[in-house]
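Residue strings, one per chain:
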Amino acid sequence: MKTKLLILLAIPFLFYACKKNTYTTKPQISIKSINATTLNQGDLLFFELEFTDKEGDIQDTLWVQKISRTCPGTPGAQFISKNKVPNFTATSNLKGTLEFGYAYNANIQGYSTITGCGTKNDTAYFKFWLKDKAQNVSDTITSGNIVLLK
């Protein structure tokens, strides 16, 4: 009887002990959604990134890098933006979504422009990382391939 009671008491403890804490001092980011995997010139590309941060002080910088898989004549890696995260009141164990977009080969007010190869279709992927006010930097995450049609 004592063994059965001990096992029953141990099960909830094991679940609690194995639970992963998603809020860390280093910001955590993941891709929630991307609106398209193929773009025509003039299209908008939108990203949604989810984040968590233990201190809630992510109001620093989101870095975005476009890397071409196709164009040997262009730089392999193009930093397309260093986005200032808007200021807001920090709260502990903060979770939220960052939404931002780019215009493909177009000047559209409010959007930075990304370019392709120009003479042929381009396949690119994007890397993202987030820095908080305490200078903690998230891991770098990578999107899937995005085709930029000429």
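Criteria and cut-off values
- Residues numbered from 1 in each chain as written.
- Predicted model: local features only at pLDDT ≥ 70, side-chain atom pairs only at ≥ 80, totals over all residues.
- Heavy atoms only, no water.
- Helix = DSSP H or I, 4+ residues; strand = E, 2+ residues; numbered from the N terminus.
- Contact = heavy atoms within 4.5 Å.
- Areas by Shrake-Rupley, 256 points an atom, 1.4 Å probe, with all protein chains shown as cover.
- Buried < 20%, exposed > 50% of the residue type's maximum accessible area, 1.4 Å probe, protein only.
- Lys, Arg positive; Asp, Glu negative; His and termini not counted.
- Salt bridge = Lys/Arg side-chain N within 4 Å of Asp/Glu carboxyl O.
- Polar contact = N/O pair within 3.5 Å; in protein donor to acceptor, adjacent residues only side chain to side chain.
- Disulfide = S-S within 2.5 Å.
- Pairing = 2+ DSSP bridges.
- Axes fitted to C-alpha atoms, helices over the stretch in contact; angles between N-to-C directions.
- Core = buried A, V, L, I, M, F, W, Y, C linked by side-chain atoms within 4.5 Å.

Caption draft 1: Highlighting the overall build of the protein chain. Across its full length, the protein chain carries one helix and 10 strands. Each helix (α) and strand (β) of the protein chain, taken in turn from the N terminus, gives the series α-β-β-β-β-β-β-β-β-β-β. Restricting the contact set of the protein chain to residue pairs at least 6 apart, pairs at least 24 apart contribute 67%. Carbon and sulfur atoms provide 55% of the accessible area of the protein chain, an area that totals close to 9200 Å².

Caption draft 2: Representation of the side chain of Asp132 within the structure. Residue placement: Asp132 occurs in the loop between strand 8 (122–131) and strand 9 (141–142). Here Asp132 occupies a buried position and makes no salt bridge, while the nearest side chain of opposite charge, Lys131, is found at 8.3 Å. Engagement of the side chain of Asp132 in a polar contact is seen with the backbone nitrogen of Ala134, the distance being 3.1 Å.

Caption draft 3: Representation of the state of the cysteines. Tallying each qualifying case throughout the model produces one disulfide. The partner cysteine of Cys71 in its disulfide is Cys117, sulfur to sulfur 1.2 Å. One quick way to see it: the torsion about the S-S bond of Cys71 and Cys117 is about -95°, and its sign makes the bridge left-handed. Of this pair, Cys71 sits in the loop between strand 4 (61–68) and strand 5 (77–84) while Cys117 sits in the loop between strand 7 (112–114) and strand 8; the two residues are 46 residues apart in sequence, bridging distant segments of the chain. Residue Cys71 shares its accessibility class with Cys117, and that shared class is buried.

Caption draft 4: Expanded view of the sheet that holds strand 1 (residues 28–34). Read from one edge of the open sheet, four strands run 1-3-6-7, paired in mixed fashion. The two strands at the open ends of the sheet, each matched to only one other strand, are strand 1 and strand 7. On average, each strand axis in the sheet is tilted by 40° relative to the strand beside it, whichever way the strands run. Where strand 3 (residues 44–53) lies against strand 6 (residues 94–104), 10 bridges are found, and the strand directions are antiparallel.

Caption draft 5: Geometry of the pattern of salt bridges. By the definition in use, this model includes three salt bridges. Between Asp139 and Lys26 there is a salt bridge; the shortest N-O distance is 2.6 Å. With Asp139 in the loop between strand 8 and strand 9 and Lys26 in the loop between helix 1 (2–18) and strand 1, the pair connects residues that are 113 residues apart, well separated along the chain. You can call Lys26 partly exposed: its relative accessible area is 33%. One salt bridge connects Lys131 with Asp60, and the closest N-O pair in it is separated by 3.9 Å. Remark: Asp60 occurs in the loop between strand 3 and strand 4 and Lys131 occurs in strand 8; sequence separation between them is 71 residues. Asp60 gets classed as buried once you look at its relative accessible area, which sits at 11%.

Caption draft 6: Geometry of unusual backbone geometry. Of note in this structure, Asn93 is not a glycine but carries a positive phi near 50°. Its place among the elements puts Asn93 in the loop between strand 5 and strand 6. Located in the positive-phi region is Gln135, a residue other than glycine, with phi close to 70°. Structurally, the position occupied by Gln135 is in the loop between strand 8 and strand 9.

Caption draft 7: Main features of the nonpolar core. Counting residues in hydrophobic clusters, the biggest one holds 23 residues, and the most contacted among them are Leu62, Phe100, Phe126, Phe128 and Leu130. Every element with two or more residues in this core is listed here: strand 3, strand 4, strand 6, strand 8 and strand 10 (146–148).

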